[in-house]
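Working through the structure, step by step
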Amino acid sequence: GIDTLDDETYMKVLLLTTYKLAQDSFGDYSDFTKGDCNTLNRHWIMHGRTSRVMSQKDCLKILNYTYGTILMGKLIL
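Let me begin by describing the structure that accompanies this report.

This part takes up the pattern of salt bridges. Counted according to the given criterion, the structure contains 3 salt bridges. Here E8 ties to K12 by a salt bridge, and the two come within 3.3 Å at their closest N and O atoms. Of the two residues, E8 and K12 are both situated in helix α1 (residues 7-26); the distance of 4 residues between them amounts to about one turn of the helix. With a relative accessible area of 54%, E8 lands in the exposed category. Taking relative accessible area as the criterion, K12 reaches 33% and is therefore assigned partly exposed.

In structure tokens form, the structure reads like this:
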């Protein structure tokens, strides 16, 4: 079980799990013809289409997701 994992393996499992959840949330399909998206969505952010006010929590989520992407790259290499 997960309670028998060493610290490094546990952290990797935690990263993979939370990263996948964030990726699913940020990557939901977006239809740009239906007005602004009211959730944190990478399509709207990356294409500069969102006009919603970002909260501090939104910014932290984006930074954590970016950091997770960097860590994932290091794990793969």
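What follows covers the layout of surface pockets. The volume enclosed by the largest pocket comes to roughly 290 Å³. Forming the boundary of the largest pocket are 14 residues, of which M11, L15, T18, G68 and L71 lie nearest the centre. Mapped by element, the contributors of at least two residues to the lining of the largest pocket are α1 and α3 (56-76). It is α1 that contributes the most residues to the lining of the largest pocket, 8 residues altogether. For the lining of the largest pocket, a count of residues per class yields 9 nonpolar, 3 polar and 2 charged.

Cut-offs and rules
- Residue positions are counted from 1 within each chain, in the order its sequence is given.
- Given that this is a predicted model, residues contribute local features only at a pLDDT of at least 70 and side-chain atom pairs are listed and counted only at 80 or more, while totals for whole chains, interfaces and linings are drawn from all residues.
- Excluding hydrogens and water, the side-chain values take into account all heavy atoms of the structure.
- We define a salt bridge as a contact between a side-chain nitrogen of Lys or Arg and a carboxyl oxygen of Asp or Glu at a distance within 4 Å.
- Only runs of H or I of at least four residues qualify as helices and only runs of E of at least two qualify as strands under DSSP, and these elements are numbered from the N terminus.
- Each residue's exposure class comes from its accessible area (1.4 Å probe, protein chains only) as a fraction of the maximum for that residue type: buried when under 20%, exposed when over 50%, partly exposed otherwise.
- Every definition here rests on a 1 Å grid over the protein atoms only: cavities are sets of points where a 1.4 Å probe fits but cannot get out, pockets are open sets enclosed by protein on both sides within 12 Å along at least five of seven lines, and lining residues have some atom within 4 Å of a point.
- Grid points are joined across faces, edges and corners, and a volume is the space filled by probe spheres set on the points.
- Residue polarity is assigned by list, with Asp, Glu, Lys and Arg as charged and Ala, Val, Leu, Ile, Met, Phe, Trp, Tyr, Cys and Pro as nonpolar; anything else, Gly included, falls into the polar class.

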